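Residues per chain, in single letters:
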Amino acid sequence: MAQRSLRVAVVGAGMAGLTLAAALARHGIECRVFEQTGGLAAVGAGIQLSPNGTRPLLELGLGPALDRVAARPGAIEVRRWDDGRLLTSTVLGADCERAYRAPYLTVHRADLQRCLLDAVPAGVVRLGRRCVGVRELDGTARVEFADGSVAEADVVVGADGIRSVVRGCLVEDAPRPSGQAVFRGVVDIAAVPGISGGDVSIWVGPGRHCVCYPISAGRRLSFAASTPAGDWREESWSVRGEVSDLLAAYTGWSPVLRALLAAPESVSRWALHDRPEPARWSGARTTLVGDAAHPMLPFGAQGLSQGVEDAVTLAALLARSSADTVPHALRRYERIRRPRVARVRRFVADNQRDHHLLDGPGQHARDRTLDDDWELDSRAWLFGHDAERVAAAVGRTDGARR
């Protein structure tokens, strides 16, 4: 008797959920993506994708689409907060692509979302389906929706972000304020002639930092400027902030940076949250990807790339599984991904500390080691990671043990 095809239900049509859907389709696995909103709005600002995130997307066939909308910065430049003096840089461009077999890309979130949607088969994404719970049954899992309907699958994947409903069915925890907020804005490159439009620029200084980079095939700049959150608690791409508040938070900073921050007509403001490391990501038939599993503060430009790594790892493992062996596949998925994500989270925490040092001995010590820390070769552990190859190697090891 022919074996039935695996059925996968993905909750959430964000970047990780759509990447998973595209990866599963490449493996010929039946998948449905349930999204609570009635439409996928073109919201957000820029996203950075390092080679460990772009390589899987290129393997999914997104290369031509990304070439039309993304930018390829030539370097990451780290600058001092007050005078804009260059402290160090990481060479990207062709050197990065040769070293890690994929480019470093910067792209508008909405453009990337469209690229991913085009890579997913028609009819896979179901809009207006708000998940309110997941129940594991005997050999299957059931997604329950606000309208009373249900969907059954062999495995349910929570890709529903930092406030994941699916995560709530696995562990009891909640998002926690980080103490930082971020202002985001997008401007035409021509509006800020003092900015190098071909690079990622980071200004680091006391208690905050700002990063900007090209998007929209190099026609626009996206920036994200962190500040202490104070009593700000809103989390949304669409919640507006005040440009005047942003400028007040960067009083005394580089004139070039302040010209950038003053350029947009409007900015969004987002209070940053994270969640504690959970005791588990998975049940027998339920697991998590992206921010639902491990939300990351934006101090290492790894949130999206780690979600992509999750997605292609999980898809590769499920491609070698049957309905009966799903629990084993989910255990392998956690065993592969958790140490990797833990190391990336430590990297992000180190960046948060180092980007925000007060002027003084700690800042001087940081500056003495910046060149070594920001060399392209020093990013090999991060940029060179091949998620699918790691998943394949674990599969071979498991087969040898059996």
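Please refer to the structure placed before this passage.
Residues numbered from 1 in each chain as written. Predicted model: local features only at pLDDT ≥ 70, side-chain atom pairs only at ≥ 80, totals over all residues. Heavy atoms only, no water.

(A) Here's a closer look at the pairing of strand E2 (residues 30–34). In the sheet, strand E1 (residues 7–11) pairs with E2 via five bridges, with the strands oriented parallel. Note on E2: the bridge partner recorded for alanine 9 is arginine 32. Since E1 and E2 lie parallel, the crossover through helix H1 (residues 15–26) that links them has a hand, and here it is right-handed. (Pairing = 2+ DSSP bridges. Helix = DSSP H or I, 4+ residues; strand = E, 2+ residues; numbered from the N terminus. Right-handed = clockwise from strand over helix to strand, strands pointing away.)

(B) Here's a closer look at the sheet that holds strand E10 (residues 150–153). Read from one edge to the other, the open sheet built from three strands follows the order E8-E9-E10, with strand pairing classed as antiparallel. Each of the sheet's edge strands pairs with one partner strand only, and the pair in question is strand E8 (131–136) and E10. Neighbouring strand axes in the sheet, compared pairwise and without regard to direction, differ in orientation by 20 degrees on average. (Axes fitted to C-alpha atoms, helices over the stretch in contact; angles between N-to-C directions.)

(C) Spatial organisation of helix H2 (residues 51–59). Within H2, seven of the nine residues are buried, which leaves it mostly tucked inside the rest of the structure. Among the residues of H2, those classed as buried are Pro51, Asn52, Gly53, Thr54, Arg55, Pro56 and Leu57. Just downstream of H2, glycine 61 is the residue with a positive phi angle, here 90 degrees. (Buried < 20%, exposed > 50% of the residue type's maximum accessible area, 1.4 Å probe, protein only.)

(D) Highlighting the pairing of strand E3 (residues 46–49). Residues Gly46 and Gln48 line one face of E3 and the alternating positions Ile47 and Leu49 line the opposite face, and both faces are buried. Of the strand pairs in this sheet, E3 and strand E6 (residues 105–108) are connected by four bridges, and their pairing is antiparallel. By the bridge assignment, glutamine 48 is partnered in E6 with threonine 106.

(E) Expanded view of the packing of H1 against helix H5 (residues 109–119). Interaxial distance between H1 and H5 falls to 9 Å at its minimum, and their mutual angle equals 25 degrees. The orientation of H1 with respect to H5, classified from their angle, is roughly parallel. Viewed along their axes, H1 and H5 form a crossing whose handedness is left-handed. Only Arg109, Leu112, Gln113, Leu116, Leu117 and Ala119 of H5 make contact with H1, whose side of the interface consists of Met15, Leu18, Thr19 and Ala22. Tallied by class, the residues present in the contact of H1 with H5 amount to seven nonpolar, two polar and one charged. (Parallel < 35°, antiparallel > 145°, perpendicular 65-115°, else oblique. Left-handed = near helix turned anticlockwise from the far one by under 90°. Contact = heavy atoms within 4.5 Å. Nonpolar A, V, L, I, M, F, W, Y, C, P; charged D, E, K, R; others polar.)

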